[in-house]
Amino acid sequence: MTSPSPELDQAARRLALKILIAGGFGAGKTTMVGAISEIPPLTTEERLTAAGAHVDSLAGVDGKTTTTVTLDFGRRTLTKPLPMTLFLFGTPGQNRFDFMWDELAHNAVGGVVLADTRRLADAFPALDFFEQRDVPFVVAVNQFDNAAHRYPAEAVRQALDLPADVPVADCDARDARSVINVLIILVRHALSART
């Protein structure tokens, strides 16, 4: 019998964690998955059409031309705080695709609620989803270049009425280092919540 390759042996010792990235329509979930994934991300983006204009409000996200209809998927390997592989699942943002969330959340260790301060109320369905299922989560405030105002984490915490133990972090969903920081905060939070 041959011994496994060093790569397979190392992968077997690595923690595998499923993470859900949720938030409102246009918050930056697809961008976040794409910025961090070490593999070409799987996306299910479709063009917005006139037929959906009555259900897809573009207020605050005027330049948006596509939307996720099923999921986004990416993978990222980290060495800190522990050797781990993160499997990232981005949810669709519109209410009509909410039925996908339960399937995507199955066996998730935690979640990121990506909040857009231009449309902060759109974060509430994701907050409710994680709270109702007792899934540890963090709130990542996506700091858009064209946002009229930038708000400190504590102001966002108050506006969303978050418990003190829920981490809130600034984030730029386009920047891999920023996203890694959010994911490390989530992993630490999720691991501490499970012990």
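Look up: the structure comes first, before these words.
As the structure is a computational prediction, the values presented were derived from the model and not from experiment.

Counting buried positions along strand S5 (residues 110–116) gives 7 out of 7 residues, so the element sits mostly inside the fold. One ladder, built from 5 bridges, connects strand S1 (residues 15–23) with S5; its direction is parallel. The residue of S5 that forms the bridge with Leu-20 is Gly-111. Crossover S5 to strand S6 (residues 137–142) through helix H4 (residues 124–132) is right-handed.

Once that is clear, we can look at H4. Inspection of H4 places Ala-126, Leu-127, Phe-129 and Phe-130 among the buried residues, and these make up the whole buried set. Seen end-on, H4 carries its buried residues on one side only, within an arc spanning 160°. Just downstream of H4 lies Asp-134, where phi reads positive at about 55°.

Further remarks concern unusual backbone geometry. Positioned with a positive phi, Asn-107 is a non-glycine residue whose angle comes to about 70°. Note that Asn-107 resides in the loop between helix H3 (99–105) and S5. Residue Asp-161 is not a glycine yet carries a positive backbone phi of 55°. By the element assignment, Asp-161 lies in the loop between helix H5 (153–160) and strand S7 (168–171). Taking relative accessible area as the criterion, Asp-161 reaches 67% and is therefore assigned exposed.

For the structure shown, the criterion picks out 6 salt bridges. With a shortest N-O distance of 2.9 Å, Asp-172 and Arg-174 are connected by a salt bridge.

To describe two helices that pack against each other, one gives the angle between their axes and the distance between the axes. Helix H6 (residues 176–194) packs onto helix H2 (residues 29–36) with a crossing angle of 100° between their chain directions and a minimal axis gap of 9 Å. Relative to H6, H2 is oriented roughly perpendicular. Residues Met-32, Ala-35 and Ile-36 of H2 form the contact with H6, whose own contacting residues are Ala-176, Val-179, Ile-180, Val-182 and Leu-183. Grouping the amino acids of the contact of H2 with H6 by side-chain chemistry returns 8 nonpolar, no polar and no charged.

Core analysis: the largest hydrophobic core is formed by 27 residues, its most contacted members being Ile-19, Met-32, Leu-86, Val-112, Val-182 and Leu-183. Elements with a minimum of two residues in this core: S1, H2, strand S4 (84–90), S5, S6, S7 and H6. Counting residues per element, this core draws most heavily on H6, which supplies 8 residues. Counting residues in hydrophobic clusters, the runner-up holds 23 residues, among them Leu-71, Val-113, Ala-123 and Val-166.

In this fold, Thr-85 is placed in strand S4. Overall, the relative accessible area of 10% leaves Thr-85 in the buried class. Once you skip the residues sitting within four places of it in the chain, Thr-85 turns out to touch Arg-14, Leu-15, Ala-16, Leu-17, Arg-75, Arg-76 and Thr-77.

Parameters and conventions
Residues numbered from 1 in each chain as written. Predicted model: local features only at pLDDT ≥ 70, side-chain atom pairs only at ≥ 80, totals over all residues. Heavy atoms only, no water. Buried < 20%, exposed > 50% of the residue type's maximum accessible area, 1.4 Å probe, protein only. Helix = DSSP H or I, 4+ residues; strand = E, 2+ residues; numbered from the N terminus. Pairing = 2+ DSSP bridges. Right-handed = clockwise from strand over helix to strand, strands pointing away. Arc of directions from axis to C-beta. Salt bridge = Lys/Arg side-chain N within 4 Å of Asp/Glu carboxyl O. Axes fitted to C-alpha atoms, helices over the stretch in contact; angles between N-to-C directions. Parallel < 35°, antiparallel > 145°, perpendicular 65-115°, else oblique. Contact = heavy atoms within 4.5 Å. Nonpolar A, V, L, I, M, F, W, Y, C, P; charged D, E, K, R; others polar. Core = buried A, V, L, I, M, F, W, Y, C linked by side-chain atoms within 4.5 Å.

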